[in-house]
Amino acid sequence: MEIDAGQQHIEIDAERQQKAKEYARKRRRLSIVEMAIAAIGIFFVLFSGFGIWLRDLVQPLNWQPLPGWFPWQVLVYFLILMLGYQVITTPLGFYSGFVLSHRYGLSTQTLAGWLADLFKGLVLSLILEAFVIELIYLLLATQPQTWWLWVALVLLFFSVVMANLAPVLILPLFYKFTPLPEGELTQRLIALAQRANTRVRGVFTMHLSSKTTAANAAVMGLGNTRRIVLGDTMLDRYTPDEIEVVLAHELGHHVHRDIWKLIISQSLLTFAGLYLINVGLHWAVETQHYYASLADAGTLPFVFLLTAIFGLIVMPIGNGYSRLLEDQADEYALQATRKVEAFKRAMTRLANQNLAEVEPSALVEFLFHSHPSVRKRLKHADEFAARYDLKASISEESSAPASSTEPAGMPSNGSSTPDTAH
Ligand SMILES: [Zn+2]
(Lines give C-alpha, C1' and ligand atoms only; values in the text may rest on other atoms or scores of the structure.)
Protein backbone atom coordinates (compact mmCIF):
# COMPACT_ATOMS: atom_id res chain seq x y z
CA MET A 1 0.00 0.00 0.00
CA GLU A 2 1.55 3.18 -1.22
CA ILE A 3 0.69 5.72 1.32
CA ASP A 4 3.06 8.35 2.47
CA ALA A 5 3.69 7.89 6.15
CA GLY A 6 3.73 11.65 6.57
CA GLN A 7 0.66 13.76 7.15
CA GLN A 8 -2.19 12.91 4.91
CA HIS A 9 -4.49 15.80 4.83
CA ILE A 10 -8.17 15.10 5.07
CA GLU A 11 -10.72 17.81 4.57
CA ILE A 12 -14.38 18.21 5.10
CA ASP A 13 -15.96 17.17 1.82
CA ALA A 14 -17.92 20.18 0.58
CA GLU A 15 -20.22 18.15 -1.62
CA ARG A 16 -21.07 15.80 1.22
CA GLN A 17 -21.65 18.75 3.54
CA GLN A 18 -24.28 19.97 1.10
CA LYS A 19 -25.95 16.57 1.25
CA ALA A 20 -25.54 16.46 5.03
CA LYS A 21 -27.40 19.74 5.42
CA GLU A 22 -30.17 18.59 3.12
CA TYR A 23 -30.47 15.29 4.93
CA ALA A 24 -30.50 16.89 8.38
CA ARG A 25 -33.13 19.41 7.26
CA LYS A 26 -35.40 16.71 5.86
CA ARG A 27 -35.07 14.58 8.98
CA ARG A 28 -35.79 17.52 11.26
CA ARG A 29 -38.90 18.37 9.29
CA LEU A 30 -40.07 14.79 9.54
CA SER A 31 -39.56 14.67 13.29
CA ILE A 32 -41.46 17.94 13.68
CA VAL A 33 -44.32 16.45 11.65
CA GLU A 34 -44.18 13.37 13.88
CA MET A 35 -44.34 15.50 17.02
CA ALA A 36 -47.26 17.43 15.56
CA ILE A 37 -49.09 14.15 14.88
CA ALA A 38 -48.46 13.05 18.47
CA ALA A 39 -49.76 16.38 19.79
CA ILE A 40 -52.86 16.31 17.57
CA GLY A 41 -53.43 12.67 18.57
CA ILE A 42 -53.29 13.45 22.28
CA PHE A 43 -55.59 16.47 21.93
CA PHE A 44 -57.99 14.45 19.80
CA VAL A 45 -58.18 11.69 22.42
CA LEU A 46 -58.54 14.21 25.25
CA PHE A 47 -61.09 16.58 23.79
CA SER A 48 -63.11 14.76 21.11
CA GLY A 49 -64.82 12.33 23.42
CA PHE A 50 -62.79 9.48 21.93
CA GLY A 51 -60.90 9.08 25.20
CA ILE A 52 -64.12 8.72 27.15
CA TRP A 53 -65.53 6.31 24.59
CA LEU A 54 -62.36 4.21 24.86
CA ARG A 55 -62.54 4.39 28.64
CA ASP A 56 -66.08 2.97 28.52
CA LEU A 57 -64.98 0.32 26.07
CA VAL A 58 -62.43 -1.12 28.51
CA GLN A 59 -64.86 -0.74 31.45
CA PRO A 60 -65.88 -4.43 31.52
CA LEU A 61 -62.26 -5.44 32.24
CA ASN A 62 -62.79 -4.69 35.87
CA TRP A 63 -60.62 -7.26 37.61
CA GLN A 64 -59.44 -5.48 40.73
CA PRO A 65 -56.63 -7.25 42.61
CA LEU A 66 -56.29 -4.22 44.90
CA PRO A 67 -58.90 -1.58 45.64
CA GLY A 68 -58.86 1.01 42.84
CA TRP A 69 -56.29 -0.78 40.66
CA PHE A 70 -57.62 -2.10 37.34
CA PRO A 71 -54.60 -3.62 35.60
CA TRP A 72 -56.49 -4.94 32.55
CA GLN A 73 -58.24 -1.66 31.86
CA VAL A 74 -54.94 0.18 32.08
CA LEU A 75 -53.10 -2.34 29.92
CA VAL A 76 -55.67 -2.51 27.14
CA TYR A 77 -56.20 1.27 27.08
CA PHE A 78 -52.44 1.75 26.91
CA LEU A 79 -51.97 -0.80 24.11
CA ILE A 80 -54.78 0.70 22.00
CA LEU A 81 -53.28 4.19 22.27
CA MET A 82 -49.72 3.07 21.56
CA LEU A 83 -50.60 0.78 18.67
CA GLY A 84 -52.83 3.47 17.17
CA TYR A 85 -49.95 5.93 17.31
CA GLN A 86 -47.61 3.35 15.82
CA VAL A 87 -49.93 2.62 12.90
CA ILE A 88 -50.28 6.34 12.11
CA THR A 89 -46.56 7.15 12.33
CA THR A 90 -45.04 4.02 10.76
CA PRO A 91 -45.24 5.43 7.19
CA LEU A 92 -43.26 8.47 8.36
CA GLY A 93 -40.75 6.29 10.17
CA PHE A 94 -40.42 4.17 7.05
CA TYR A 95 -39.77 7.22 4.89
CA SER A 96 -37.24 8.70 7.30
CA GLY A 97 -35.53 5.53 8.51
CA PHE A 98 -35.57 3.51 5.31
CA VAL A 99 -36.28 5.52 2.15
CA LEU A 100 -34.27 8.63 3.00
CA SER A 101 -31.36 6.79 4.58
CA HIS A 102 -31.03 4.64 1.45
CA ARG A 103 -31.35 7.65 -0.83
CA TYR A 104 -28.45 9.28 1.00
CA GLY A 105 -26.39 6.11 0.93
CA LEU A 106 -26.39 5.63 4.66
CA SER A 107 -28.42 2.48 5.12
CA THR A 108 -27.40 -0.98 4.02
CA GLN A 109 -30.49 -2.66 5.43
CA THR A 110 -32.96 -4.73 3.49
CA LEU A 111 -36.64 -4.00 3.89
CA ALA A 112 -37.11 -7.30 5.73
CA GLY A 113 -34.27 -6.39 8.08
CA TRP A 114 -35.71 -2.96 8.72
CA LEU A 115 -39.16 -4.41 9.44
CA ALA A 116 -37.66 -7.02 11.77
CA ASP A 117 -35.87 -4.28 13.75
CA LEU A 118 -39.04 -2.21 13.88
CA PHE A 119 -40.97 -5.18 15.23
CA LYS A 120 -38.34 -6.15 17.81
CA GLY A 121 -38.01 -2.55 18.99
CA LEU A 122 -41.76 -2.15 19.26
CA VAL A 123 -42.29 -5.37 21.23
CA LEU A 124 -39.42 -4.55 23.56
CA SER A 125 -40.56 -1.01 24.27
CA LEU A 126 -44.21 -2.02 24.70
CA ILE A 127 -43.24 -4.64 27.28
CA LEU A 128 -41.04 -2.24 29.26
CA GLU A 129 -43.51 0.65 29.04
CA ALA A 130 -46.46 -1.54 29.99
CA PHE A 131 -44.55 -2.64 33.06
CA VAL A 132 -43.89 0.98 34.07
CA ILE A 133 -47.48 2.04 33.37
CA GLU A 134 -48.89 -0.80 35.49
CA LEU A 135 -46.55 0.15 38.30
CA ILE A 136 -47.61 3.79 38.09
CA TYR A 137 -51.31 2.92 38.25
CA LEU A 138 -50.79 0.41 41.06
CA LEU A 139 -49.09 3.12 43.09
CA LEU A 140 -51.61 5.78 42.07
CA ALA A 141 -54.28 3.51 43.57
CA THR A 142 -52.39 2.67 46.76
CA GLN A 143 -50.04 5.64 47.41
CA PRO A 144 -51.78 8.64 45.87
CA GLN A 145 -49.46 11.20 47.49
CA THR A 146 -46.06 9.55 47.23
CA TRP A 147 -46.50 7.35 44.13
CA TRP A 148 -44.20 9.55 42.01
CA LEU A 149 -41.35 9.14 44.48
CA TRP A 150 -41.60 5.34 44.41
CA VAL A 151 -41.89 5.25 40.64
CA ALA A 152 -38.80 7.45 40.28
CA LEU A 153 -36.84 5.19 42.63
CA VAL A 154 -37.92 2.04 40.79
CA LEU A 155 -37.00 3.68 37.46
CA LEU A 156 -33.59 4.63 38.83
CA PHE A 157 -32.97 1.04 39.87
CA PHE A 158 -34.35 -0.13 36.53
CA SER A 159 -32.06 2.13 34.52
CA VAL A 160 -29.02 0.83 36.39
CA VAL A 161 -30.08 -2.76 35.65
CA MET A 162 -30.80 -1.91 32.01
CA ALA A 163 -27.45 -0.14 31.59
CA ASN A 164 -25.81 -3.28 32.91
CA LEU A 165 -27.82 -5.68 30.74
CA ALA A 166 -28.03 -3.64 27.53
CA PRO A 167 -24.74 -4.79 25.99
CA VAL A 168 -25.37 -8.46 26.76
CA LEU A 169 -29.13 -8.73 26.48
CA ILE A 170 -30.68 -5.91 24.42
CA LEU A 171 -28.15 -4.75 21.83
CA PRO A 172 -27.29 -8.27 20.63
CA LEU A 173 -30.91 -8.46 19.47
CA PHE A 174 -30.01 -5.81 16.91
CA TYR A 175 -26.27 -6.13 16.27
CA LYS A 176 -23.62 -8.80 16.25
CA PHE A 177 -20.69 -8.25 18.60
CA THR A 178 -17.32 -9.94 18.48
CA PRO A 179 -14.25 -9.33 20.63
CA LEU A 180 -11.76 -7.02 18.93
CA PRO A 181 -9.05 -9.33 17.60
CA GLU A 182 -5.77 -9.26 19.50
CA GLY A 183 -3.39 -6.98 17.73
CA GLU A 184 -1.96 -3.52 17.54
CA LEU A 185 -5.19 -1.74 18.43
CA THR A 186 -5.90 -3.79 21.52
CA GLN A 187 -2.30 -3.27 22.59
CA ARG A 188 -2.63 0.49 22.19
CA LEU A 189 -5.84 0.54 24.14
CA ILE A 190 -4.38 -1.55 26.95
CA ALA A 191 -1.43 0.86 27.09
CA LEU A 192 -3.80 3.84 27.23
CA ALA A 193 -5.84 2.22 29.97
CA GLN A 194 -2.76 1.33 31.97
CA ARG A 195 -1.55 4.91 31.86
CA ALA A 196 -4.96 5.99 33.11
CA ASN A 197 -4.85 3.37 35.87
CA THR A 198 -8.15 1.98 34.77
CA ARG A 199 -9.15 -1.40 33.53
CA VAL A 200 -11.24 -1.98 30.47
CA ARG A 201 -13.24 -5.15 30.72
CA GLY A 202 -13.36 -5.67 27.03
CA VAL A 203 -13.21 -4.16 23.61
CA PHE A 204 -15.74 -5.36 21.07
CA THR A 205 -16.41 -4.88 17.42
CA MET A 206 -20.00 -3.99 16.73
CA HIS A 207 -21.07 -5.14 13.29
CA LEU A 208 -22.68 -1.92 12.16
CA SER A 209 -21.94 -2.62 8.51
CA SER A 210 -24.89 -5.00 8.32
CA LYS A 211 -27.14 -1.95 8.67
CA THR A 212 -25.25 1.22 7.95
CA THR A 213 -22.24 2.73 6.28
CA ALA A 214 -21.74 5.10 9.24
CA ALA A 215 -18.97 4.71 11.76
CA ASN A 216 -19.35 4.94 15.50
CA ALA A 217 -17.84 3.95 18.79
CA ALA A 218 -19.20 3.94 22.31
CA VAL A 219 -18.79 2.90 25.90
CA MET A 220 -21.51 0.61 27.18
CA GLY A 221 -22.50 -1.36 30.19
CA LEU A 222 -22.00 -0.99 33.90
CA GLY A 223 -20.00 -3.03 36.35
CA ASN A 224 -19.23 -6.47 35.02
CA THR A 225 -20.51 -5.61 31.53
CA ARG A 226 -18.72 -2.31 30.91
CA ARG A 227 -16.87 -2.24 27.65
CA ILE A 228 -15.74 -0.19 24.72
CA VAL A 229 -17.27 -0.98 21.35
CA LEU A 230 -15.97 0.02 17.99
CA GLY A 231 -18.05 -0.13 14.82
CA ASP A 232 -16.62 -2.40 12.14
CA THR A 233 -17.33 0.49 9.77
CA MET A 234 -14.42 2.29 11.39
CA LEU A 235 -11.89 -0.52 11.59
CA ASP A 236 -11.01 -0.72 7.94
CA ARG A 237 -10.92 2.96 7.09
CA TYR A 238 -9.10 4.72 9.89
CA THR A 239 -5.42 4.66 10.70
CA PRO A 240 -4.38 3.09 14.02
CA ASP A 241 -3.61 6.59 15.32
CA GLU A 242 -7.08 7.79 14.44
CA ILE A 243 -8.70 4.78 16.05
CA GLU A 244 -6.50 5.27 19.08
CA VAL A 245 -7.82 8.79 19.68
CA VAL A 246 -11.37 7.53 19.25
CA LEU A 247 -10.68 4.76 21.77
CA ALA A 248 -9.09 7.35 24.06
CA HIS A 249 -12.27 9.43 23.85
CA GLU A 250 -14.31 6.39 24.86
CA LEU A 251 -11.82 5.59 27.61
CA GLY A 252 -12.37 9.18 28.79
CA HIS A 253 -16.07 8.39 29.27
CA HIS A 254 -14.97 5.35 31.25
CA VAL A 255 -12.58 7.27 33.46
CA HIS A 256 -15.09 10.08 34.01
CA ARG A 257 -17.82 7.58 34.89
CA ASP A 258 -20.09 9.24 32.39
CA ILE A 259 -22.65 6.43 32.24
CA TRP A 260 -23.28 6.93 35.94
CA LYS A 261 -23.46 10.69 35.49
CA LEU A 262 -26.04 10.28 32.75
CA ILE A 263 -28.11 7.84 34.80
CA ILE A 264 -28.09 10.19 37.79
CA SER A 265 -28.90 13.30 35.78
CA GLN A 266 -31.69 11.51 33.90
CA SER A 267 -33.07 10.30 37.20
CA LEU A 268 -33.17 13.82 38.60
CA LEU A 269 -35.16 14.90 35.56
CA THR A 270 -37.42 11.87 36.00
CA PHE A 271 -38.07 12.87 39.62
CA ALA A 272 -39.00 16.37 38.51
CA GLY A 273 -41.16 15.12 35.66
CA LEU A 274 -43.09 12.64 37.78
CA TYR A 275 -43.65 15.29 40.42
CA LEU A 276 -45.08 17.58 37.77
CA ILE A 277 -47.39 14.79 36.56
CA ASN A 278 -48.43 14.25 40.18
CA VAL A 279 -49.42 17.89 40.58
CA GLY A 280 -51.24 17.83 37.23
CA LEU A 281 -53.16 14.63 38.05
CA HIS A 282 -54.28 15.86 41.46
CA TRP A 283 -55.45 19.09 39.86
CA ALA A 284 -57.37 17.25 37.12
CA VAL A 285 -59.04 14.83 39.53
CA GLU A 286 -59.56 16.82 42.72
CA THR A 287 -60.09 20.36 41.46
CA GLN A 288 -61.52 19.82 37.98
CA HIS A 289 -63.18 16.41 38.54
CA TYR A 290 -62.29 15.32 34.99
CA TYR A 291 -61.76 11.74 36.19
CA ALA A 292 -63.29 9.51 38.84
CA SER A 293 -59.91 8.79 40.47
CA LEU A 294 -56.17 9.18 40.00
CA ALA A 295 -55.84 5.54 39.02
CA ASP A 296 -58.66 5.67 36.46
CA ALA A 297 -57.37 4.28 33.15
CA GLY A 298 -58.98 7.30 31.49
CA THR A 299 -56.22 9.55 32.86
CA LEU A 300 -53.65 7.90 30.55
CA PRO A 301 -53.83 10.40 27.67
CA PHE A 302 -53.53 13.24 30.18
CA VAL A 303 -50.42 11.58 31.66
CA PHE A 304 -49.03 11.24 28.10
CA LEU A 305 -49.66 14.93 27.47
CA LEU A 306 -47.81 15.99 30.62
CA THR A 307 -44.97 13.58 29.87
CA ALA A 308 -44.60 14.93 26.32
CA ILE A 309 -44.59 18.57 27.47
CA PHE A 310 -42.01 17.84 30.15
CA GLY A 311 -39.87 15.82 27.72
CA LEU A 312 -39.79 18.70 25.25
CA ILE A 313 -38.84 21.21 27.92
CA VAL A 314 -35.97 19.16 29.31
CA MET A 315 -34.59 17.85 26.00
CA PRO A 316 -32.16 20.79 25.63
CA ILE A 317 -31.02 20.32 29.23
CA GLY A 318 -30.18 16.66 28.67
CA ASN A 319 -28.44 17.43 25.39
CA GLY A 320 -26.50 20.31 26.92
CA TYR A 321 -25.22 18.09 29.69
CA SER A 322 -24.29 15.38 27.19
CA ARG A 323 -22.35 17.91 25.07
CA LEU A 324 -20.43 18.94 28.18
CA LEU A 325 -19.45 15.32 28.91
CA GLU A 326 -18.48 14.81 25.27
CA ASP A 327 -16.29 17.87 25.35
CA GLN A 328 -14.56 16.54 28.47
CA ALA A 329 -14.03 13.16 26.79
CA ASP A 330 -12.44 14.95 23.82
CA GLU A 331 -10.16 16.79 26.20
CA TYR A 332 -9.26 13.48 27.79
CA ALA A 333 -8.49 11.93 24.39
CA LEU A 334 -6.21 14.83 23.50
CA GLN A 335 -4.47 14.76 26.88
CA ALA A 336 -3.99 11.00 26.83
CA THR A 337 -2.68 10.71 23.28
CA ARG A 338 -1.43 14.22 22.41
CA LYS A 339 -2.30 13.26 18.85
CA VAL A 340 -3.99 16.44 17.76
CA GLU A 341 -3.76 15.82 14.03
CA ALA A 342 -5.03 12.26 14.31
CA PHE A 343 -7.93 13.57 16.38
CA LYS A 344 -8.77 16.12 13.72
CA ARG A 345 -8.47 13.58 10.94
CA ALA A 346 -10.75 11.15 12.77
CA MET A 347 -13.38 13.87 13.33
CA THR A 348 -13.19 14.93 9.71
CA ARG A 349 -13.49 11.37 8.45
CA LEU A 350 -16.46 10.78 10.72
CA ALA A 351 -18.23 13.89 9.46
CA ASN A 352 -17.64 12.91 5.83
CA GLN A 353 -18.58 9.29 6.34
CA ASN A 354 -21.61 9.80 8.57
CA LEU A 355 -23.02 12.73 6.62
CA ALA A 356 -22.92 14.82 9.78
CA GLU A 357 -23.54 18.53 9.64
CA VAL A 358 -20.22 20.11 10.54
CA GLU A 359 -21.74 23.37 11.61
CA PRO A 360 -25.43 23.15 12.51
CA SER A 361 -27.17 26.35 13.50
CA ALA A 362 -26.68 27.30 17.13
CA LEU A 363 -30.37 26.73 17.85
CA VAL A 364 -30.41 23.27 16.26
CA GLU A 365 -27.30 22.27 18.19
CA PHE A 366 -28.73 23.62 21.44
CA LEU A 367 -32.04 21.78 21.03
CA PHE A 368 -31.17 18.48 19.39
CA HIS A 369 -27.49 17.60 19.46
CA SER A 370 -25.98 15.34 22.09
CA HIS A 371 -22.45 16.02 20.76
CA PRO A 372 -20.63 19.27 20.07
CA SER A 373 -20.56 20.07 16.36
CA VAL A 374 -17.58 18.77 14.41
CA ARG A 375 -16.50 22.38 13.85
CA LYS A 376 -16.31 22.90 17.62
CA ARG A 377 -14.48 19.64 18.18
CA LEU A 378 -11.88 20.58 15.57
CA LYS A 379 -11.53 23.97 17.21
CA HIS A 380 -11.09 22.27 20.58
CA ALA A 381 -8.18 20.28 19.13
CA ASP A 382 -6.56 23.46 17.77
CA GLU A 383 -6.95 25.20 21.09
CA PHE A 384 -5.45 22.19 22.82
CA ALA A 385 -2.43 22.28 20.48
CA ALA A 386 -2.01 26.00 21.11
CA ARG A 387 -2.34 25.55 24.86
CA TYR A 388 0.44 22.97 24.98
CA ASP A 389 2.40 24.38 22.12
CA LEU A 390 2.16 21.04 20.38
CA LYS A 391 2.59 22.16 16.81
CA ALA A 392 6.23 21.10 16.83
CA SER A 393 5.58 17.60 18.04
CA ILE A 394 2.76 16.86 15.67
CA SER A 395 5.08 15.77 12.91
CA GLU A 396 6.49 13.09 15.18
CA GLU A 397 3.15 11.39 15.24
CA SER A 398 3.18 8.30 13.20
CA SER A 399 0.29 8.40 10.85
CA ALA A 400 1.21 5.28 9.02
CA PRO A 401 -1.97 3.60 7.94
CA ALA A 402 -3.07 0.25 9.19
CA SER A 403 -1.35 -2.07 6.82
CA SER A 404 -4.35 -4.07 5.81
CA THR A 405 -6.57 -1.17 4.96
CA GLU A 406 -7.18 1.80 2.79
CA PRO A 407 -7.15 4.82 5.02
CA ALA A 408 -6.20 7.50 2.53
CA GLY A 409 -9.07 8.60 0.36
CA MET A 410 -12.05 7.79 2.47
CA PRO A 411 -14.58 6.59 -0.04
CA SER A 412 -17.49 8.90 0.35
CA ASN A 413 -20.37 6.68 1.14
CA GLY A 414 -22.47 7.86 3.99
CA SER A 415 -24.22 6.42 6.97
CA SER A 416 -27.35 6.39 9.00
CA THR A 417 -26.25 7.59 12.39
CA PRO A 418 -25.39 11.18 11.68
CA ASP A 419 -23.47 11.40 14.89
CA THR A 420 -19.79 11.20 15.38
CA ALA A 421 -18.26 8.93 17.96
CA HIS A 422 -20.19 8.74 21.19
ZN1 LIG B 1 -18.38 10.44 23.49
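Residues numbered from 1 in each chain as written. Predicted model: local features only at pLDDT ≥ 70, side-chain atom pairs only at ≥ 80, totals over all residues.

**Q** Is there a simple way to explain the overall build of the protein chain in this structure?
**A** Helix and strand counts for the protein chain come out as 14 helices and 4 strands. Taken against the 2.2 N^0.38 rule, which gives 22 Å for 422 residues, the C-alpha radius of gyration of the protein chain at 24 Å falls within 12% of a compact globule. For the protein chain, the proportion of its 422 residues judged to be buried stands at 33%. A separation of at least 24 residues holds for 80% of the contacts in the protein chain among residues at least 6 apart in sequence. (Helix = DSSP H or I, 4+ residues; strand = E, 2+ residues; numbered from the N terminus. Rg over C-alpha atoms; globule rule 2.2 N^0.38 Å. Buried ≥ 20, exposed ≤ 12 C-beta atoms within 10 Å, placed from the backbone. Contact = placed C-beta atoms within 7 Å.)

**Q** How should I be thinking about the domain arrangement of the protein chain in this particular structure?
**A** Note: interface size is frequently given as the accessible area lost on complex formation between the parts. Looking at the assigned domains, one finds that the protein chain contains domain 1 (16–171 + 260–318) and domain 2 (174–254 + 327–394). Here the C-alpha centre of domain 2 lies 32 Å away from the C-alpha centre of domain 1. Counting residues at the interface gives 24 residues for domain 1 and 22 residues for domain 2. When residues of the side of domain 1 that touches domain 2 are traced back to their parent elements, those giving at least two are α1 (14–47), α4 (111–142), α5 (147–170) and α10 (300–337). It is α1 that provides the largest number of residues to the side of domain 1 that touches domain 2, a total of 7 residues. Its residues assigned to classes, the side of domain 1 that touches domain 2 comprises 13 nonpolar, 6 polar and 5 charged. (Domains from an automatic or database assignment. Nonpolar A, V, L, I, M, F, W, Y, C, P; charged D, E, K, R; others polar.)

**Q** How do you make sense of the environment of tyrosine 290 when you look at a structure like this?
**A** With respect to the secondary-structure elements, tyrosine 290 resides in the loop between α9 (258–287) and α10. The residues touching tyrosine 290, leaving out its near neighbours within four places in the chain, are Ala284 and Val285.

**Q** So what exactly am I meant to see when it comes to α5 here?
**A** Given 3.6 residues per helical turn, the α-helix brings residues three or four places apart onto the same face. Between the first and last C-alpha of α5 there are merely 29 Å, a value that for 24 residues lags more than 12% behind the 34 Å anticipated at 1.5 Å per step. At asparagine 164, α5 shows its largest bend, some 45 degrees, and a proline, proline 167, comes one to four positions later. Restricting attention to buried positions, one finds in α5 the residues Trp147, Trp148, Val151 and Pro167. Of the surrounding elements, those touching the buried residues of α5 are α4, β3 (217–220), β4 (227–231) and α9. (Expected span 1.5 Å × (residues − 1). Bend = angle between axes of the 7 residues up to and from the residue.)

**Q** Honestly, the sheet that holds strand β1 (residues 177–179) in this entry has me stumped. Any pointers?
**A** Through backbone hydrogen bonds, the strands of a sheet pair up, either in parallel or in antiparallel fashion. The strand order β1-β2-β4-β3 describes an open sheet built from 4 strands, whose pairing is mixed. Only two strands of the sheet have a single neighbouring strand rather than two, namely β1 and β3. Averaged over all neighbouring strand pairs, the angle between strand axes comes to 30 degrees, with direction disregarded. In terms of strand pairing, β1 meets strand β2 (residues 203–206) through 3 bridges, oriented antiparallel. Counted as the bridge partner of proline 179 is phenylalanine 204 from β2. (Pairing = 2+ DSSP bridges. Axes fitted to C-alpha atoms, helices over the stretch in contact; angles between N-to-C directions.)

**Q** Sorry if this is basic, but what is going on with the packing of helix α11 (residues 340–354) against helix α13 (residues 374–387) here?
**A** Between two packed helices, the angle of one axis relative to the other and the distance separating the axes together describe the packing. It is at 10 Å that the axes of α11 and α13 come closest, and there the two elements cross at 175 degrees. When the interaxial angle is binned, α11 and α13 end up roughly antiparallel. Note on element contacts: α13 touches α11 through Val374, Arg377, Leu378, Ala381, Phe384 and Ala385, opposite Val340, Phe343, Lys344, Met347 and Ala351. Residues of the contact of α11 with α13, tallied by class, amount to 9 nonpolar, no polar and 2 charged. (Parallel < 35°, antiparallel > 145°, perpendicular 65-115°, else oblique.)

**Q** Help me understand helix α3 (residues 71–103) in this model?
**A** Helix length check: α3 (33 residues) gives 45 Å between terminal C-alpha atoms against 48 Å at 1.5 Å per residue, within 8%. Of all the positions in α3, only Gln73, Val74, Tyr77, Phe78 and Ser101 are classed as buried. If you follow the buried residues of α3, they end up packed against α2 (50–57), α4 and α10. One or two positions beyond α3, positive phi appears at glycine 105, with a value near 70 degrees.

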